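So you can see what is in the structure, the chains are spelled out below.
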Amino acid sequence: MFKVIAIDSNQVKLEFVGKDGEVYTFDSYEEAESFMQHVKAKDTLPERYRVLVKKID
């Protein structure tokens, strides 16, 4: 399982959640990477955030 997170220069981490309050998780790295590219393309996060895929248990 994977999730997409954003981290700023102060190591503040953001998780992406749906309307139901559940954190978005993905079965494959490719699915998570596709979502990450979608987030980056929207360009809604301040520049100080890095968006990346993280493996979860």
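Report follows, based on the coordinates.

1. Looking at the nonpolar core
Phe2, Val4, Ala6, Phe16, Phe26, Ala32, Phe35, Met36, Val39, Tyr49, Val51 and Val53 together form the largest nonpolar core, which totals 12 residues. Listing elements by their share of this core, those giving two or more residues are strand E1 (2-7), helix H1 (29-42) and strand E3 (50-55). Looking at this core, the element that brings in the most residues is H1, giving four residues. If we ignore the near neighbours within four places in the chain, the residues touching Val4 are Leu14, Glu15, Phe16, Phe26, Ala32, Phe35, Met36, Val51, Leu52 and Val53.

2. Things to note about the environment of Gln11
Mapped onto the fold, Gln11 is located in the loop between E1 and strand E2 (13-15). Sequence-wise, Gln11 and Glu30 are 19 residues apart; in three dimensions their C-alpha atoms are separated by 25 Å.

3. Remarks on unusual backbone geometry
Positive phi outside glycine occurs at Gln11, with the angle close to 65°. Positive phi is not limited to glycine here, since Asp43 has a value of about 55°. Structurally, the position occupied by Asp43 is in the loop between H1 and E3. The exposure class assigned to Asp43 is exposed, which follows from its relative accessible area of 63%.

Conventions and cut-offs
All residue numbers here refer to positions counted from 1 along the written sequence of the relevant chain. Under the rules for a predicted model, residues below a pLDDT of 70 receive no local features and side-chain atom pairs below 80 are neither given nor counted, while totals for whole chains, interfaces and linings still include all residues. Values reported for side chains reflect all heavy atoms of the structure, with hydrogen atoms and water molecules removed beforehand. Side-chain atoms within 4.5 Å link the members of a nonpolar core, which is a set of buried Ala, Val, Leu, Ile, Met, Phe, Trp, Tyr and Cys residues. Three labels apply to residues, based on accessible area from a 1.4 Å probe with only protein chains included: buried if under 20% of the type maximum, exposed if over 50%, partly exposed otherwise in between. Only DSSP runs of H or I reaching four residues or more are called helices, and only runs of E reaching two or more are called strands; each is numbered from the N terminus. Any two residues whose heavy atoms approach within 4.5 Å at even a single point are treated as in contact.

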